[in-house]
Structures are given as structure tokens and as C-alpha cells.
Amino acid sequence: MDALAAASAGPKLNATVKPSPKRTRHVFKNAIVRIPGSNFAQGLTTVWLGVPRFDGVLQQHARYCEALRECGLTITALDADLDYPDSTFVEDTAVLTARSAILTRPGARSREGEVAAIHQTISSFFPAPLEIEAPGTLDGGDICEAENHFFLGLSHRTNEEGARQLAVHLARHGYTSSVIDVRGMTSILHLKSGIAYIGNNTLVVIEEMAGNPLFQSYERIRVAVEESYAANCVRVNQRVLVAAGYPQFAAELAARGFNPLELEMSEFQKMDGGLSCLSLRF
Ligand code: GLY
């Protein structure tokens, strides 16, 4: 399904489509993160990799923040929020573009309140952010930005209505989008568990998604099945943040001229978390 076709089926909005200059969207100056809470292990997970060690969680998070600073970003670090064990995965609460901010409506009931908890912080950078409204649900982890185009994942967290509303918001700001249904893929929680756009017209993709016709115009780096977790990587300025322990993928990135920065992610992986989920970058 084409997201814009879906969007046009809904209520008409006053469309103000601005010109879409090609820009390099992996150039960031800021990031918002949230310190993991001591009840992090009580969050949601679909994997059976054991219980995260809280000291390891804090260490890996601190190193992640340090890496963002090394990439030149200024960090806004929010306090831990014990009301929401998954709230360190801030990416799910908003979609930030160069032209707008859209607050999401997370698809897991236990995470719904995370948006209200971060609203003020996002508003301090993006006055009057847009919102995904009921019955739409949408997790930021399902949204992959590739220059002026967005891939919108339909998942067990993001529904058609959430994707439709986001497509409308994006179109009003001159962005195109297309929908990818990942609901049948048991190996990934979110779209970005399986794909990443890392600049230079290059997509990182897990094997299961590599043949998607929507990706035909991109250079593709296929991640070997045994290294699938590494597909959730993040281009930040001159570096690509990658999970440590996936040597084939790191070598492939380097061979193609990218500059990988490896980070230990074992404790977040136990809770279905990846590198992109841990920050909102803009
Ligand atoms: N633990 C991350 C999530 O399920 O949303």
C-alpha cells in the first residue's frame, strides 16, 4: 500500500507542500535521551536472552551518550521515569524531522504515558508539535527516514491509522512515504529492527527484507542472518553507531567507506532495544 494513497482516503487537510531540497539528514546537533530506571528489567520484551544487569544497563547507556557527544551532539538527558520501565527507548515517543515534530501514540498500553512525560522537552525544541491521535497508534521505531522519503512500518505497535496520520503530516511538510508491513515477521519488533538508512543512498537490511521492491533504488547492505541484530544501526554525522559483536557487518561498513563506532548493547538487546531506540536525534 502506498502511504500517500492511504492518506488521501482520510480527511482532507490543508496541504502546504514546501519544496523538498535534498538534505543530509544524518547531520545532527542534538539528542534527547532518558536515563534507564532501576525497574528497566520490568519492561516489555519478546526475546529470551535473560534478565538485564542494571549496572551493565547504566554503563552501556553512559557509553552510548558519550559516543553521541564524540559525534558532536549536545545531549539533553532526562531523569529516569519509574512509571515507565521502557521509557529509556525515547525514540518511540516522537518522529523528529528537519521541518516538524510529531508526537506518537505508542502501541503498547504500558508505554502510552511516555509521550506526555516527554512532551514538554520536545516542545522546548519544536514548538507546537503535531500529534498522532486515537485510534492511530505509532512507535517511532517503525519510522525510517531516508532523506526526503519515509518508510512507515506497520507492526504490532503501529497500525494503519497511525501510519495514515503520519503520512498526512509528512506530506504537508513535503516528504513522501511508503508503508512496509512487518507484522508477519517474527524476528523483528519494529521496522527499524530490520532496516536502517545510513546516508549515501544506502540502506542496511536484514535478509528477510532485502528483496523488497521499495528498496530497489538504494544501495543495500545485507546483514547476515546470524548478525541480524546489527541491522539496527544509526548514522550520526561522520560515524555509524553499530552494536559490538557483529564483525562481518562492521567490516562491510568499513569496506564501503563508512566509519563504524561499535557499542556494547547486550543489556538493551535483552529488552528488544536497539541503538536507534535510545535517542531522539535532531
Ligand atoms: N522493550 C521495548 C519495547 O517493547 O517497546
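As the structure is a computational prediction, the values presented were derived from the model and not from experiment.

Chemist: I'm lost on the pattern of salt bridges in this one. Help?
Modeler: In a structure, side chains of opposite charge can pair up when their charged atoms sit close to one another. Enumeration over the complete set of coordinates arrives at 15 salt bridges. Put simply, R63 and E66 hold a salt bridge, and the shortest N to O gap is 2.8 Å. Here R63 and its partner E66 are both found in helix α2 (residues 54-70), three residues apart, which amounts to about one turn of the helix. When its relative accessible area of 41% is taken as the criterion, E66 is described as partly exposed. Here E91 ties to K192 by a salt bridge, and the two come within 2.7 Å at their closest N and O atoms.

Chemist: I'm lost on the packing of aromatic side chains in this one. Help?
Modeler: To describe a pair of aromatic rings, you give the distance between the ring centres and the angle between the ring planes. Inspection of the entire model under this criterion finds ten aromatic pairs. Ring centres of F89 and F268 lie 6.2 Å apart, and the angle between their planes is 75°; on these two criteria the pair is classed as edge-to-face. With F89 in the loop between β2 (74-78) and β3 (94-96) and F268 in helix α6 (residues 266-269), the pair connects residues that are 179 residues apart, well separated along the chain. As far as burial versus exposure is concerned, F89 and F268 are alike and both buried. Taken together, a centroid distance of 4.9 Å and an interplanar angle of 65° make the contact between F125 and F282 edge-to-face. Taken together, the residues span a long stretch of sequence, with F125 in helix α3 (residues 114-125) and F282 in the segment after β15 (280-281) at a distance of 157 residues. Residue classification places F125 among the partly exposed positions, given a relative accessible area of 33%. Looking at F282, the relative accessible area reads 13%, which means it is buried. Cluster of aromatic residues (ring-pair linked, three or more members): F151, Y197, F215 and Y218.

Chemist: For this particular structure, what's the right way to read the site of the ligand?
Modeler: All residues adjacent to the ligand are L44, D86, F89, R111, R157, L189 and M271. Contact distances for the ligand include 2.7 Å between a nitrogen atom and a backbone N or O atom of L44. At 2.7 Å from a nitrogen atom of the ligand is found a side-chain nitrogen or oxygen belonging to D86. Coverage of the ligand by the protein amounts to 99% of the 200 Å² it exposes when considered alone.

Chemist: Please explain the side chain of H173 as it appears in this structure.
Modeler: Here H173 shows up in the loop between α4 (160-172) and β8 (176-181). The buried category is assigned to H173, whose relative accessible area is 15%. A distance of 3.0 Å separates a polar side-chain atom of H173 from the backbone oxygen of H169.

Chemist: Mind showing me how you'd approach the sheet that holds strand β4 (residues 101-103) here?
Modeler: The pairing of strands in a sheet happens through backbone hydrogen bonds and is either parallel or antiparallel. Strand order in the open sheet formed by three strands is β3-β4-β5, and the pairing between neighbours is mixed. Here the strands that pair on one side only, and so sit at the sheet edges, are β3 and β5 (130-131). The pairing of β3 with β4 spans three bridges and is antiparallel. Bridged to A94 within β4 is L103.

Chemist: Looking at this structure, I do not really get α4. What am I missing?
Modeler: With 13 residues, α4 extends 18 Å between its outermost C-alpha atoms, agreeing within 8% with the 18 Å of an ideal straight helix rising 1.5 Å per residue. Taken together, the buried positions of α4 are G162, A163, R164, Q165, L166, A167, V168, H169 and L170. G174, located one to two residues past α4, shows a positive phi value of around 90°.

Chemist: Help me understand the nonpolar core, please; the structure alone is not making it clear to me.
Modeler: Generally speaking, soluble globular proteins have nonpolar side chains that are buried together. Residues L68, F151, I198, V204, M209, L241 and F249 are the most contacted members of the largest nonpolar core, which totals 57 residues. Looking at which element gives the most residues to this core, the answer is α2, with five residues. Excluding anything up to four places from it in sequence, L68 contacts A31, V33, L73, I75, V236, L241 and S279. Residues I102, L138, I143 and F150 belong to the second largest nonpolar core, which totals 14 residues.

Chemist: Explain the side chain of D92 to me, please; I cannot follow it from the model alone.
Modeler: Summarising the element assignment, D92 is placed in the loop between β2 and β3. Take D92: its relative accessible area is 1%, and that puts it in the buried class. Here R111 takes part through its side chain, which lies 2.8 Å from a polar atom of the side chain of D92. When residues no more than four places from it in sequence are discounted, the contact partners of D92 are T104, P106, R111, L138, D139, G140, G141 and H190.

Conventions used here
- Residues numbered from 1 in each chain as written.
- Predicted model: local features only at pLDDT ≥ 70, side-chain atom pairs only at ≥ 80, totals over all residues.
- Heavy atoms only, no water.
- Salt bridge = Lys/Arg side-chain N within 4 Å of Asp/Glu carboxyl O.
- Helix = DSSP H or I, 4+ residues; strand = E, 2+ residues; numbered from the N terminus.
- Buried < 20%, exposed > 50% of the residue type's maximum accessible area, 1.4 Å probe, protein only.
- Phe/Tyr/Trp six-rings, centres within 6.5 Å; stacked < 30°, edge-to-face > 60°.
- Near = heavy atom within 4 Å.
- Polar contact = N/O pair within 3.5 Å; in protein donor to acceptor, adjacent residues only side chain to side chain.
- Areas by Shrake-Rupley, 256 points an atom, 1.4 Å probe, with all protein chains shown as cover.
- Pairing = 2+ DSSP bridges.
- Expected span 1.5 Å × (residues − 1).
- Core = buried A, V, L, I, M, F, W, Y, C linked by side-chain atoms within 4.5 Å.
- Contact = heavy atoms within 4.5 Å.

Interpretation note: all reported values are geometric properties and have no functional meaning in isolation.
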